[in-house]
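Results of the structural survey
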Amino acid sequence: MAEPLWTAEEIAAATGGAVAGDFAATGVSIDTRTVESGDLFIALAGVRDGHEFVDQAMAKGAAGVLASQGVEAPSVQVADTFAALEKLGIAARERAPQVRRGAVTGSVGKTSVTQAIMAGLRLAGRAHSSVKSYNNHIGVPLTLARMPRETERAVFEVGMNHTDEIRPLTRFIRPHAVAITTVGPVHVENFANEEGVARAKAEIFEGLKPGGVAVLNADNVWYDLLQGEAKAAGARVVTFGTGEDCDARLIDFQGAAGHGVVQARLHGKALDFPILQTGFHWGLNSMAVLLMLEALDVGLSDSLAALGSFEPLEGRGAERIVRLPGGTFTLIDESYNANPVSMGSAIRTLGARPTGGRRIVALTDMLELGAEGPAFHAALAEPLERAGIDLVFCCGPLMKSLWDALPPTRRGGYAETAADLAPRIAEATQPGDLVMVKGSNGSRAGVIAAALAALDSAGGAG
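Conventions and cut-offs
Residues numbered from 1 in each chain as written. Predicted model: local features only at pLDDT ≥ 70, side-chain atom pairs only at ≥ 80, totals over all residues. Heavy atoms only, no water. Buried < 20%, exposed > 50% of the residue type's maximum accessible area, 1.4 Å probe, protein only. Helix = DSSP H or I, 4+ residues; strand = E, 2+ residues; numbered from the N terminus. Arc of directions from axis to C-beta. 1 Å grid on protein atoms, 1.4 Å probe; cavity = no way out; pocket = protein on both sides within 12 Å on 5 of 7 lines; lining within 4 Å. Points joined across faces, edges and corners; volume = space filled by probe spheres on them. Nonpolar A, V, L, I, M, F, W, Y, C, P; charged D, E, K, R; others polar. Axes fitted to C-alpha atoms, helices over the stretch in contact; angles between N-to-C directions. Parallel < 35°, antiparallel > 145°, perpendicular 65-115°, else oblique. Contact = heavy atoms within 4.5 Å. Salt bridge = Lys/Arg side-chain N within 4 Å of Asp/Glu carboxyl O. Polar contact = N/O pair within 3.5 Å; in protein donor to acceptor, adjacent residues only side chain to side chain. Pairing = 2+ DSSP bridges.

Buried residues of helix H15 (residues 418-428): Ala418, Leu421, Ala422, Ile425 and Ala426, and no others. For H15, the buried positions fall inside an angular range of 135° around the axis, keeping them on one side.

The calculated volume of the second largest pocket comes to roughly 540 Å³. What lines the second largest pocket is a set of 21 residues, among which Phe280, His281, Leu284, Ser345 and Arg348 lie closest to the centre. Going through the elements one at a time, strand E14 (248-256), helix H9 (281-295) and helix H11 (340-352) are the ones with two or more residues in the lining of the second largest pocket. Here the element with the most residues in the lining of the second largest pocket is H11; it accounts for five residues. By residue class, the composition of the lining of the second largest pocket is eight nonpolar, 10 polar and three charged.

Next up on the list: the packing of helix H3 (residues 81-94) against helix H6 (residues 166-173). Put simply, H3 and H6 touch, their axes get as near as 9 Å, and they point 40° apart. When the interaxial angle is binned, H3 and H6 end up oblique. Contacts from Glu86, Ile90 and Arg93 in H3 reach Arg171, Phe172 and Ile173 in H6. Residues belonging to the contact of H3 with H6 are distributed by class as follows: three nonpolar, no polar and three charged.

Attention shifts here to the pattern of salt bridges. Evaluation of the coordinates by the stated rule reveals 20 salt bridges. Residue arginine 100 is joined to aspartate 297 by a salt bridge in which the shortest nitrogen-to-oxygen separation is 3.5 Å. Note that arginine 100 is positioned in strand E8 (residues 100-105) and aspartate 297 in the loop between H9 and helix H10 (300-309), a separation of 197 residues in sequence. Aspartate 456 is the partner of arginine 323 in a salt bridge, and the nearest nitrogen-oxygen pair spans 2.4 Å. Note that arginine 323 is positioned in strand E17 (residues 318-324) and aspartate 456 in helix H16 (residues 445-459), a separation of 133 residues in sequence. Among the charged side chains, a network of salt bridges with common partners joins Asp164, Arg167, Arg171, Glu203 and Glu206.

By the element assignment, serine 443 lies in the loop between strand E22 (434-438) and H16. Take serine 443: its relative accessible area is 14%, and that puts it in the buried class. A polar side-chain atom of serine 443 sits 2.9 Å from the main-chain carbonyl oxygen of serine 440. Not counting residues within four places of it along the chain, the set of residues in contact with serine 443 comprises Thr364, Asp365, Leu367 and Ala418.

Looking now at the sheet that holds strand E10 (residues 153-157). If you trace the nine strands from one edge of the open sheet to the other, you get E9-E10-E8-E11-E12-E13-E14-E15-E16, paired in mixed fashion. Single-partner strands in this sheet number two, and they are strand E9 (127-129) and strand E16 (269-275). Direction aside, the axes of adjacent strands within the sheet are offset by 20° on average. Taken together, the four bridges between E8 and strand E11 (residues 177-180) define a ladder with parallel strand orientation. Looking at E11, one finds that alanine 103 is bridged to valine 178. Helix H4 (residues 110-124) contacts E8, E9 and E10 of the sheet and is inclined by roughly 175° relative to E10. Its contacts with the sheet place helix H8 (residues 223-232) against E11, strand E12 (213-217) and strand E13 (236-241), and it is angled at close to 175° to E12.

Within the fold, serine 107 resides in the loop between E8 and H4. Since its relative accessible area comes to 7%, serine 107 is described here as buried. C-alpha of serine 107 to C-alpha of phenylalanine 393: the two residues are 286 residues apart in sequence and 25 Å apart in space. Apart from the residues within four sequence positions on either side, serine 107 is in contact with Thr181, Thr182, Val183, Gly184, Val186, Val197, Lys201 and Asn339. Within the local environment of serine 107, its side chain forms a polar contact with the backbone nitrogen of glycine 184, the two atoms lying 2.9 Å apart.

Without other data, these values stay purely geometric and don't point to any function.
Below is the structure:
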């Protein structure tokens, strides 16, 4: 029988709590919607107090509860369940000193890069990583608390909206290697300027183990600042980008339907390899992944195999063929998130894709851009023109600025909400079209992507 992830006594020792009913847990959960049999359920305070859901958690098979008040279930009693979660995460890290740990942050691409790194770690041995986008003050200690003691390598996603958010998270992780994918105008409404964003991302170096590796984007405008901060923290800096001096140098990226081909040089050695990604940004993402896997002691063959089999995540470039009466169209789902950097890359990628039909985009608001939000949206008119996009559909108050900046020939339709726009673009789509949906999750771009995907069952051939 497999060793449990946590026994009640181990939880009590890690958190300073008291056992009230013995149990052994095989997982950790904070949400009754995802509780699995054998989990430790941590009753966190929030909009709703987690203690209200203890009965539901136990009914779904939870083994026991970490609680700050009396519950009718086997439990470990603590003064503060959130503080106890943090302590449990630290205990998980300390009981597995053999684990090589990596951490990834950046304005764009951190979830996809983290999961691509995980694909390589998994090929190399017993691996662990963040799930979904568990990258905040709850997600990072939770991911640590879930780490099996026999893990060999792990990678963690680290996010932020404000300064001083990454600093405690990287100190929880104590990574051996970190990567910053890029820095751009994301969450800028919470900072005085973009330099503030860069300095907030640089907090990730503060948790590095002595002699740790910092993987940095040499093409980014903030590279010099980040390199200086990394070296000040004692990191060994390795670089990716398009310049000749980069440790991982991107020479070329060619995207086509459902795949791409990367031409690169890694420490001067020529590499050509296929990936299942189509976005131009995946050329540089692949370089970051290779360097991070190298820093985490993964061989090149496993790294290339992982990149070659890693599929686009849902809402982050996943493609599907949608059948209509008389033919099909291709739907590119980029509905999970959007900012000026990722918008530019996605539009460029769409423009480079060969197609016998029209190139169409449906765009929803990019959020957290502050006072410059309308200007960032209006500025998308230029890359849309360069890419030769045939029709642009927009929704949201910020995208109205782009709509006003578009020439009449490029206007497909405007609506205030995604729900209102969805049927309009669905009606306009024809066989042969290449359609991309891009926007922030908070502006509900996924509603449009779902409506377009549903056309397959509504009117397509079997």
